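Residue strings, one per chain:
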Amino acid sequence: MRAAPVKRFWKAIGLELAERSLYNIASSYCLLLMLKNWKSSPTQYCLWFFDVEENPTLWWVLVGAHVLSWIVVYGGSLMVDLPELIGLKHVYYDINDLAPPMSYKSRDLQDYYQRYRHPSFVALSVVLWFTNGMTIDRSLLALVWTLYMYLAWNTTKVDLKYQQHQLERKRAELARVTN
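Residues numbered from 1 in each chain as written. Predicted model: local features only at pLDDT ≥ 70, side-chain atom pairs only at ≥ 80, totals over all residues. Heavy atoms only, no water.

The positions UniProt marks with the feature "transmembrane region" (unreviewed entry) are residues 58-80 and 121-151. Along residues 58-80, the helical share is 96% and the strand share 0%, with 33 Å between the first and last C-alpha atoms. Within residues 121-151, the helical portion is 81% and the strand portion 10%, while the C-alpha atoms at the span's ends are 11 Å from each other. (UniProt positions renumbered as here; feature names shortened; annotations may be inferred. Helix = DSSP H or I, 4+ residues; strand = E, 2+ residues; numbered from the N terminus.)

Let us look at the packing of aromatic side chains. Evaluated as defined, the whole model comprises four aromatic pairs. The interplanar angle of 85° and the centroid separation of 4.7 Å between the aromatic rings of W59 and W60 together place this pair among those described as edge-to-face. A relative accessible area of 37% places W59 in the partly exposed class. Aromatic pair Y93 and Y104: ring centres 5.7 Å apart, planes at 70°, arrangement edge-to-face. Here Y93, found in helix α5 (residues 88-95), pairs with Y104, found in the loop between α5 and α6 (107-115); they are 11 residues apart in sequence, far enough to count as distant. Y93 gets classed as buried once you look at its relative accessible area, which sits at 16%. Feature note: the residues Y92, Y93 and Y104 constitute an aromatic cluster, connected by ring pairs. (Phe/Tyr/Trp six-rings, centres within 6.5 Å; stacked < 30°, edge-to-face > 60°. Buried < 20%, exposed > 50% of the residue type's maximum accessible area, 1.4 Å probe, protein only.)

What follows concerns the pattern of salt bridges. Note on pairing: side chains with opposite charge can pair once their charged atoms come close. Counted according to the given criterion, the structure contains two salt bridges. With its nearest N and O atoms 2.6 Å apart, the salt bridge here joins E84 to R20. Note that E84 is positioned in helix α4 (residues 82-85) and R20 in helix α2 (residues 19-37), a separation of 64 residues in sequence. Residue E84 is classed as buried on the basis of its relative accessible area, which comes to 0%. (Salt bridge = Lys/Arg side-chain N within 4 Å of Asp/Glu carboxyl O.)

Geometry of a packed helix pair, given as the angle between the helix axes and the separation of the axes. Their axes nearest at 10 Å, the elements helix α7 (residues 121-129) and helix α8 (residues 136-152) cross at an angle of 170°. Classified by the angle between their axes, α7 and α8 sit roughly antiparallel to one another. Where α7 abuts α8, its residues F121, L124, S125, V127, L128 and W129 lie against R138, S139, A142, L143, W145, T146, M149 and Y150. Considered class by class, the residues forming the contact of α7 with α8 number 10 nonpolar, three polar and one charged. (Axes fitted to C-alpha atoms, helices over the stretch in contact; angles between N-to-C directions. Parallel < 35°, antiparallel > 145°, perpendicular 65-115°, else oblique. Contact = heavy atoms within 4.5 Å. Nonpolar A, V, L, I, M, F, W, Y, C, P; charged D, E, K, R; others polar.)

Next up on the list: a nonpolar patch on the surface. The grouping of L31, L35, L140, V144 and W145 at the surface amounts to a nonpolar patch, some 480 Å² of accessible area in total. In terms of residue count, α8 provides more of the nonpolar patch than any other element does, three residues in total. Tracing the backbone shows W145 in helix α8. The class of W145 is partly exposed, set by a relative accessible area of 35%. (Patch = residues over 30% accessible without salt bridge, like charges linked within 9 Å, V, L, I, M, F, W, Y side chains within 5 Å. Areas by Shrake-Rupley, 256 points an atom, 1.4 Å probe, with all protein chains shown as cover.)

Below, the discussion takes up the packing of helix α3 (residues 56-79) against α7. Interhelical geometry of α3 versus α7 gives an angle of 150° and a closest axis separation of 8 Å. For α3 against α7, the interelement crossing comes out left-handed. Note on element contacts: α7 touches α3 through A123, L124, V126 and V127, opposite A65, H66, S69, W70, V72 and V73. Tallied by class, residues from the contact of α3 with α7 come to eight nonpolar, two polar and no charged. (Left-handed = near helix turned anticlockwise from the far one by under 90°.)

See below:
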């Protein structure tokens, strides 16, 4: 849906502002369909299975890893401009005759957003791979998503410096507010 012909189609029918929102809706709907219609064979081969009922420590480790990972994903979502990311800001800014939301962001942030659009590669990898039972179909899904994240999100040292600088600015602001 990010291909140039698709973008031209949205523009031709007057929905270019809703392009990002439509992309997110379509992606979410495809994921929902996939999850609702996923059927695993009861005799499917497992790559690994650990009985967490027999080992409560392992159960707590897996639950803790998942909870922490989802907190990291949620926190990362708060740190990016989520309304802009899902396309709501584009519509709001256009209704109020403002320039596109990205034009108000620094060049560094615009460059960063070109390479990195999801809050956490590591946390999502933990959610995909840290499981007590890994079937063939789940491992295929985890492998494809992990490879996609690794190949599509190419952050650089410049991005790391930018994040460190922003973190230092936020800490300084918080220190100023609390003092």
